[in-house]
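One letter stands for each residue in the lines below.
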Amino acid sequence: MKTVILAAALSLVATSAFATCKSDSADKKLAGAALTSHMKKCEADAKKQCEADSAAKKLAGAAKASHMKKCVADAVGT
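What you see is a predicted model; the values in this text were computed from it and never measured.

What counts, and where the lines are drawn
- Starting from 1, residues in each chain are numbered consecutively following that chain's sequence as written.
- The predicted origin of the model limits local features to residues at a pLDDT of at least 70 and limits the giving and counting of side-chain atom pairs to 80 or more, whereas totals for whole chains, interfaces and linings rest on all residues.
- No hydrogens and no water enter the side-chain calculation; it runs on all heavy atoms of the structure.
- The predictor attaches a confidence to each residue, and that confidence, scored 0 to 100, is pLDDT.
- We call two residues in contact whenever any of their non-hydrogen atoms come within 4.5 Å of each other.
- The rule for a salt bridge is simple: a side-chain nitrogen of Lys or Arg has to be within 4 Å of a carboxyl oxygen of Asp or Glu.
- Secondary structure counts use DSSP, requiring at least four H or I residues in a row for a helix and at least two E residues in a row for a strand, with both numbered from the N terminus.
- Any residue under 20% of the maximum accessible area for its type is buried, any over 50% is exposed, and the rest in between are partly exposed; the area is computed with a 1.4 Å probe on protein chains only.
- Disulfides are defined as cysteine sulfur pairs within 2.5 Å.
- Working definition of a nonpolar core: buried Ala, Val, Leu, Ile, Met, Phe, Trp, Tyr and Cys residues. They are joined through side-chain atoms within 4.5 Å.

**Q** It is not clear to me how the confidence of the model for the protein chain should be interpreted in this structure. Could you clarify?
**A** The predicted coordinates of low-pLDDT regions are not to be read in fine detail. Looking at the protein chain as a whole, the pLDDT averages 83, with 77% of positions reaching at least 70. Here residues 6–10 is a poorly scored stretch, pLDDT under 50, and it has zero contacts once near neighbours within four places are set aside; other chains count. Contacts for the low-pLDDT stretch residues 12–17, under 50 throughout, to residues beyond four places or in other chains number zero contacts.

In structure tokens form, the structure reads like this:
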């Protein structure tokens, strides 16, 4: 039980430490083509990272699709 609580607490700390693509672009004050380029690259990087996470968790089918959708949305900030 302690392990589960510790893992949950660490995951919350880890996720809050990372900025989303939207907040990162706002911090950099990007606009126009620079914003579009940054968002495309950031989303592509998020998809790669989420794909690796899905593979590590051995997800398939609907579970993988759901995980990918939430993971990418969280990373992008939508």
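So that's the structure; there's more coming.
**Q** Where do I start with the pattern of salt bridges in this structure?
**A** When charged atoms on two side chains of opposite charge get close, those side chains can pair. Evaluated as defined, the whole model comprises six salt bridges. Here aspartate 74 makes a salt bridge to lysine 70, at a shortest N to O gap of 2.6 Å. Taken as a pair, aspartate 74 and lysine 70 lie in helix H4 (residues 61–76) at a separation of four residues, close to a single helical turn. For aspartate 74, a relative accessible area of 44% corresponds to the partly exposed category.

**Q** Whenever I open this one, the state of the cysteines confuses me. Can you help?
**A** In protein structure, a disulfide is the covalent linkage between the sulfur atoms of two cysteines. As enumerated under the stated definition, the model contains two disulfides in all. With its sulfur 1.8 Å from that of its partner, cysteine 21 forms a disulfide with cysteine 42. On the sign convention where negative is left-handed, the bridge of cysteine 21 and cysteine 42, at about -80° about the S-S bond, is left-handed. Taken together, the positions of cysteine 21 in helix H2 (residues 21–27) and cysteine 42 in helix H3 (residues 32–56) put the pair 21 residues apart, joining distant regions of the chain. Each sulfur in the disulfide pair cysteine 50 and cysteine 71 lies 1.9 Å from the other. Around the S-S axis, the bridge from cysteine 50 to cysteine 71 shows a dihedral of about -80° and counts as left-handed. Placement of the pair is cysteine 50 in helix H3 and cysteine 71 in helix H4, with a sequence separation of 21 residues. When its relative accessible area of 1% is taken as the criterion, cysteine 50 is described as buried. Taken in N- to C-terminal order, the disulfide-linked cysteines of the protein chain are connected 1-2, 3-4.

**Q** What should I look at first to understand the nonpolar core in this one?
**A** As a rule of thumb, soluble globular proteins bury nonpolar side chains together. Cys21, Met39, Cys42, Cys50, Met68, Val72 and Val76 form the largest nonpolar core, which has seven residues in total. Counting residues per element, the ones that place at least two in this core are H3 and H4.

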